[in-house]
Amino acid sequence: MRVKVGNRRFGLLLLALLVPLGLWLLVMSSASAESNPEPGDIVEAAWENAREAGAYHFSSDIAQVAIPAATIRNIGNSSQEDRFYLEGQTDLRSQEMRMQLLSDSTGGGSLLIPDSGIQIESVDGVTRARQGNGEWETIDSFAEGFAPQGDFMAYLAAASDVTELEEEVRQGIRIRRFGFDVDGPAFASYLRDQMQATLRAQGDLPPKVELGPSDYYAGMRGTGELWIGDDGLPIRQVLDLRFPEQDGERLDVQIKVDFSKFAEPAGQLAFFGDGEQ
């Protein structure tokens, strides 16, 4: 039987069949996209889950290598490596952080003697530190380089080209691993926006004044890896960062941080000893 393509009744019948089919395909495509989100969306969701939890504990190893620039003034100078271990808690809601810092550098305490480390707290925008059980002293904030706004996961704001890596199982826990590049200009813009919002909220920045992004952070480059558990929360983050030359040297930094005890109330944040806070 021949079907005349120009037949109006056939055209209406074909349209009646194809429209529901098209809608069904659209719905199925949308559902498939939701059930199979992109790697970047999974990483972003994990960070959002951590922020919704509001607080977490952390333990972090930081290795920092200062490399002299290739100039006449630096002839004979060699690279210097410093290693730090941090352990503490942060409350993202109140932007409070308390930690103990141990270092293999002179004066930084010994990893074998926890009481010899430096205790640091940041509360209400004021950062204080003390050696062991000594007196508290107000210091400049130093955590912006590895935990901006008190959040070790802030570098995820600059994650680009996110890819899913091979899954692992450790101690019976399934771990989804994601690799990404760290976009320096995006990170600098994120820091600028956060600082601008904080200063405006405190009344320290006039409405018409805009801050510019940091050239130093804009020139930073790096790669990272994030581990995510079945509960959608981050387990570990590893960053390898290279900062641009400044004051005759550049820095290569590796930051490894493990996350735990999400959503612990701010009132339970405390130091590891029983010293007075």
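The structure we're discussing is the one just above.
Let me sum up the structure you'll find in this document. (Residues numbered from 1 in each chain as written. Predicted model: local features only at pLDDT ≥ 70, side-chain atom pairs only at ≥ 80, totals over all residues. Heavy atoms only, no water.)

Before going further, it helps to examine the overall build of the protein. Across its full length, the protein carries four helices and twelve strands. Evaluated residue by residue, the protein yields a buried proportion of 36% over its 277 residues. Of the contacts formed within the protein by residues at least 6 apart in sequence, a portion of 55% connects residues at least 24 apart. As displayed, the protein offers around 16600 Å² of accessible surface, 52% of which is attributable to carbon and sulfur atoms. (Helix = DSSP H or I, 4+ residues; strand = E, 2+ residues; numbered from the N terminus. Buried < 20%, exposed > 50% of the residue type's maximum accessible area, 1.4 Å probe, protein only. Contact = heavy atoms within 4.5 Å. Areas by Shrake-Rupley, 256 points an atom, 1.4 Å probe, with all protein chains shown as cover.)

Moving on: the packing of aromatic side chains. For the structure on display, the rule yields nine aromatic pairs. Ring centres of Tyr216 and Tyr217 lie 5.8 Å apart, and the angle between their planes is 70°; on these two criteria the pair is classed as edge-to-face. Pair check on accessibility: Tyr216 and Tyr217 agree, each one buried. Judged by centre distance (6.0 Å) and plane angle (80°), the rings of Tyr217 and Phe243 are edge-to-face. Taken as a pair, Tyr217 in helix 4 (residues 215-218) and Phe243 in the loop between strand 11 (234-242) and strand 12 (249-260) lie far apart in primary sequence, 26 residues in all. (Phe/Tyr/Trp six-rings, centres within 6.5 Å; stacked < 30°, edge-to-face > 60°.)

As a further point, take the environment of Asn133. As for its placement among the helices and strands, Asn133 is situated in the loop between strand 5 (126-131) and strand 6 (137-139). Under the relative-accessibility criterion, Asn133 is labelled exposed at 66%. When the C-alpha positions of Asn133 and Ile118 are compared, they lie 9.0 Å apart, and in sequence the two are 15 residues distant.

Relative to the 26 Å expected for 18 residues at 1.5 Å per residue, helix 3 (residues 184-201) spans 26 Å between its end C-alpha atoms, a close match to the ideal helical length. Residue Asp183 occupies the N-cap position of helix 3, its side-chain oxygen lying 3.1 Å from the main-chain nitrogen of Ala186. (Expected span 1.5 Å × (residues − 1). Polar contact = N/O pair within 3.5 Å; in protein donor to acceptor, adjacent residues only side chain to side chain.)

Core analysis: the largest hydrophobic core is formed by 49 residues, its most contacted members being Phe146, Phe152, Tyr155 and Phe243. The dominant element in this core, judged by the number of residues it contributes, is helix 2 (residues 39-53), at six residues. Setting aside its immediate chain neighbours within four residues, Tyr155 contacts Gly145, Phe146, Pro148, Val182, Phe187, Tyr217, Met220, Leu239, Leu241 and Phe243. (Core = buried A, V, L, I, M, F, W, Y, C linked by side-chain atoms within 4.5 Å.)

Turning our eyes to something else, we now look at the side chain of Glu121. Looking at the element boundaries, Glu121 is found in strand 4 (residues 118-123). Assessed through its relative accessible area of 7%, Glu121 is described here as buried. Polar contacts involving the side chain of Glu121 include one to the side chain of Arg98, which spans 3.4 Å. In this structure the side chain of Glu121 is engaged in a polar contact, spanning 2.6 Å, whose partner is the side chain of Arg128.

Following the criterion strictly, the structure yields 17 salt bridges and no others. For Asp258, the salt bridge goes to Arg236, with nearest N and O atoms at 2.6 Å. One end of the pair, Asp258, is in strand 12; the other, Arg236, is in strand 11, and 22 residues separate them in sequence. Taking the relative accessible area as the measure of exposure, Asp258 reaches 27% and is therefore partly exposed. Note on Arg236: relative accessible area 27%, which makes it partly exposed. A cluster of three or more residues bridged by salt bridges with shared partners is formed by Glu96, Arg98, Glu121 and Arg128. (Salt bridge = Lys/Arg side-chain N within 4 Å of Asp/Glu carboxyl O.)

Looking now at unusual backbone geometry. Of note in the backbone geometry, Asp161 takes a positive phi value of approximately 50° without being a glycine. Within the secondary structure, Asp161 sits in strand 7 (residues 159-164). Here Asp161 falls in the exposed class, since its relative accessible area comes to 61%.

For the rest of this paragraph, the subject is the side chain of Ser122. On the secondary structure map, Ser122 appears in strand 4. Here the side chain of Ser122 touches Thr127 through a polar contact of 3.5 Å, side chain to side chain. When neighbours within four sequence positions are excluded, Ser122 is seen to be in contact with Gln95, Glu96, Met97 and Thr127.

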